[in-house]
Amino acid sequence: MSKLSGFVFRRPALASSIADGLVGAGLQDFTSGLFLAAPRRTGKSTFLREDLIPECRLRGWLTVYVDLWADKEKDPAELIASAIAAALAPYEKGIRKLAKNLGIERLSFLRTLSWDFSKPQLPVGATLTQALELLHHAAEKPVVLVIDEAQHALTSDSGINAMFALKAARDQLNQGRDEEGSGLHLVFTGSNRDKLAYLVLGKSQPFFGSSITPFPLLGKAFTQAYTTHLNANLAPTNQFNAADIDEAFELVGRRPEMLRTIIGEVALELGEASNLGQLLHSRAELLRAGVWTEFESAWNALTIPQRAVLQVMVERSLNNEPFAPFTDSTLTAVSKALEDMGSDVVPGTQTIQACIDALRDKELVWKSGRGGYALEDKSFGEWLRYKRHTQH
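Owing to the predicted nature of the structure, the values given are computational and were not obtained by experimental measurement.

## Description of the packing of helix 12 (residues 304-318) against helix 14 (residues 349-361)
How two helices sit against one another is set out by the angle between their axes and by the gap between those axes.
Next up, step 1: Contact pair helix 12 / helix 14: the axes reach a minimum separation of 9 Å and the direction vectors enclose 85°. The orientation of helix 12 relative to helix 14 falls into the category roughly perpendicular. Contacts from Pro305, Gln306, Val309 and Leu310 of helix 12 reach helix 14 at Ile352, Cys355, Ile356, Ala358 and Leu359.
Next up, step 2: Here the residues of the contact of helix 12 with helix 14 sort into eight nonpolar, one polar and no charged.

Following this line, the structure appears as structure tokens:
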């Protein structure tokens, strides 16, 4: 679903397909966890809240949603624990009974009567596995945990440990069950594919072996429906063309909120119908140019070696390859980039490290808690590719 000024666009088929995948009944198998990547502001979080979560509830599953960017000051592990604790609160009476009846050693924390259910926090000593197992028992239904902007967990050791704990919980709750009877389904989303990939890349990562699924961006069905909605409020002689709306939507990276901004600006100076397409196009280009001007300024402020390192990172990102800073292939690639830029600097590991540190200070590069690197904003890579293409 996507909302634009009273306009509602639902995606029930996509929600149903993903829900099928979570139980291994669809074309894609997400039983080990779904890792959904899409750029920011492309409608991903709205789809989760308004389409996927309602679909899960219709199937009788208990859903827990947590956005790790909702409070950047809080530790990601604390946000996850708080969301699970809040989901447990409605089952307080049942949990008190479970404390007496279960007799399960691993839920021994239930025997303490100091748990204050009015506060969204787990009892001291309770693990995420224990809490999710308790939620599954108390609700008597499968649990779907949806973590939005999951890559933020990788910025702290406790966040990374929480990801390992969720994997352990998944294994514990799903052990010996057929897929339909699974106790826990995991959905992770991220606005940066490269960052999210650090959850699944490398044997030391919590979900090694899983793959990243690209979130399908809103297409022509959306722009067609939105055009119909807009035209219903306009004079018959002053109608938008769906193709013009779609072209403007493409120019701003298929971001619904940015499209709404353009429509709002065009509405203030509605021209003749023959002029609407041009107005849309020019407004979309202005909006994109504003974002790209910021990238241009950031690029111009970099030293030549910093540009070379960033360029290699961009190339790896666009090819969906991880950036390993100190390998021979990276040194060779940075050397070639420097040469192309007319520099005679011979890069070593210290040079590359210093460049990466500077790029992080400028908030162009992100580092995970385990030392992985990615572009802070992947659309910077799209801008640089466009810049290099126009220069050749």
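## Comments concerning the nonpolar core
Next up, step 1: The biggest cluster of nonpolar side chains holds 51 residues, and the ones touching the most others in it are Ile80, Ile147, Met163, Leu166 and Phe188.
Next up, step 2: Of all the secondary structure elements, the ones that give two or more residues to this core are strand 3 (34-37), strand 4 (62-67), helix 3 (76-88), helix 4 (92-101), helix 5 (128-139), strand 5 (143-148), helix 6 (157-174) and strand 6 (184-190).
Next up, step 3: The element best represented in this core is helix 3, accounting for nine residues.
Next up, step 4: In this structure isoleucine 80 touches Val66, Leu68, Leu128, Ile147, Ala162, Met163 and Leu166, once residues within four positions along its chain are discounted.
Next up, step 5: Grouped together as the second largest cluster of nonpolar side chains are 26 residues, Leu310, Phe323, Leu375 and Phe380 included.

## So, the pattern of salt bridges
Next up, step 1: For the coordinates displayed, the defined rule picks out 17 salt bridges.
Next up, step 2: For arginine 260, the salt bridge identified is with glutamate 257, shortest N-O distance 2.9 Å. Pair noted here: arginine 260 and glutamate 257 are both in helix 10 (residues 256-268), with a separation of three residues, about one helical turn.
Next up, step 3: Assessed through its relative accessible area of 27%, glutamate 257 is described here as partly exposed.
Next up, step 4: Here glutamate 315 makes a salt bridge to arginine 388, at a shortest N to O gap of 3.0 Å. One end of the pair, glutamate 315, is in helix 12; the other, arginine 388, is in helix 15 (residues 378-391), with 73 residues separating them in the sequence.
Next up, step 5: Given the relative accessible area of 33%, glutamate 315 is considered partly exposed.
Next up, step 6: Because the salt bridges share partners, they merge into one network encompassing Arg40, Lys44, Asp148 and Glu149.

## Regarding the pairing of strand 3
Next up, step 1: The alternating pattern of strand 3 places Leu34 and Leu36 and Phe35 and Ala37 on opposite faces, both of which are buried.
Next up, step 2: Pairing between strand 3 and strand 7 (residues 212-214): three bridges, direction parallel. In the strand pairing of strand 7, alanine 37 is matched with proline 214.

## Observations concerning helix 3
Next up, step 1: Here helix 3 contains 13 residues, and its C-alpha end-to-end distance of 19 Å stays within 8% of the 18 Å for a straight helix at 1.5 Å per residue.
Next up, step 2: By the criterion of burial, helix 3 is predominantly enclosed, with eleven of the 13 residues buried.
Next up, step 3: Those residues of helix 3 not exposed but buried are Pro76, Ala77, Leu79, Ile80, Ala81, Ser82, Ala83, Ile84, Ala85, Ala87 and Leu88.
Next up, step 4: Sitting at the head of helix 3, aspartate 75 places a side-chain oxygen 2.8 Å from the backbone nitrogen of alanine 77.

## Considerations on the pairing of strand 5
Along a regular strand, successive side chains alternate from one face of the sheet to the other.
Next up, step 1: With six of its six residues buried, strand 5 lies for the most part within the structure.
Next up, step 2: With burial as the criterion, each face of strand 5 is covered, one bearing Val143, Leu145 and Ile147 and the other bearing Val144, Val146 and Asp148.
Next up, step 3: As paired strands, strand 4 and strand 5 are joined by six bridges and run parallel to one another. Directly across from leucine 62, in strand 5, lies its bridge partner valine 143.
Next up, step 4: Sheet topology places strand 5 next to strand 6; five bridges connect them, and they run parallel. Paired with isoleucine 147 across the two strands is phenylalanine 188, which belongs to strand 6.

## Quick look at the packing of aromatic side chains
Next up, step 1: What the rule picks out here adds up to 16 aromatic pairs.
Next up, step 2: Note on phenylalanine 35 and phenylalanine 188: the rings are 5.0 Å apart at their centroids and 15° apart in plane angle, and the pair reads as stacked. Highlighted residues: phenylalanine 35 in strand 3 and phenylalanine 188 in strand 6, separated in sequence by 153 residues.
Next up, step 3: When its relative accessible area of 1% is taken as the criterion, phenylalanine 188 is described as buried.
Next up, step 4: An aromatic cluster of three or more residues is present, and its members are Phe7, Phe9, Phe222, Tyr226 and Phe249.
Next up, step 5: Above the face of the tryptophan 69 ring, lysine 72 is positioned so that its terminal group lies 4.5 Å from the ring centre.
Next up, step 6: The cationic tip of arginine 288 hangs over the ring face of tryptophan 292; the distance from NZ or CZ to the ring centre is 4.4 Å.

## Some words on helix 14
Next up, step 1: With 13 residues, helix 14 should reach 18 Å at 1.5 Å per residue; the first-to-last C-alpha distance of 18 Å fits that figure.
Next up, step 2: Three or more residues of helix 14 are buried, namely Ile352, Cys355, Ile356, Ala358 and Leu359. For helix 14, the arc enclosing every buried residue in end-on projection is 165°, short of the 170-degree limit, so these residues lie on one face. Residues of helix 14 that are exposed and angled more than 90 degrees away from the buried face: Gln350 and Asp361.
Next up, step 3: In this fold, the buried residues of helix 14 make contact with helix 12, helix 13 (328-340), strand 8 (365-367) and strand 9 (373-375).
Next up, step 4: Just past helix 14, the residue glutamate 363 takes up positive phi, approximately 60°.

Here is what the cut-offs are and how they apply
- Residues numbered from 1 in each chain as written.
- Predicted model: local features only at pLDDT ≥ 70, side-chain atom pairs only at ≥ 80, totals over all residues.
- Heavy atoms only, no water.
- Axes fitted to C-alpha atoms, helices over the stretch in contact; angles between N-to-C directions.
- Helix = DSSP H or I, 4+ residues; strand = E, 2+ residues; numbered from the N terminus.
- Parallel < 35°, antiparallel > 145°, perpendicular 65-115°, else oblique.
- Contact = heavy atoms within 4.5 Å.
- Nonpolar A, V, L, I, M, F, W, Y, C, P; charged D, E, K, R; others polar.
- Core = buried A, V, L, I, M, F, W, Y, C linked by side-chain atoms within 4.5 Å.
- Buried < 20%, exposed > 50% of the residue type's maximum accessible area, 1.4 Å probe, protein only.
- Salt bridge = Lys/Arg side-chain N within 4 Å of Asp/Glu carboxyl O.
- Pairing = 2+ DSSP bridges.
- Expected span 1.5 Å × (residues − 1).
- Polar contact = N/O pair within 3.5 Å; in protein donor to acceptor, adjacent residues only side chain to side chain.
- Phe/Tyr/Trp six-rings, centres within 6.5 Å; stacked < 30°, edge-to-face > 60°.
- Lys NZ or Arg CZ within 6 Å of the ring centre and 35° of its normal.
- Arc of directions from axis to C-beta.

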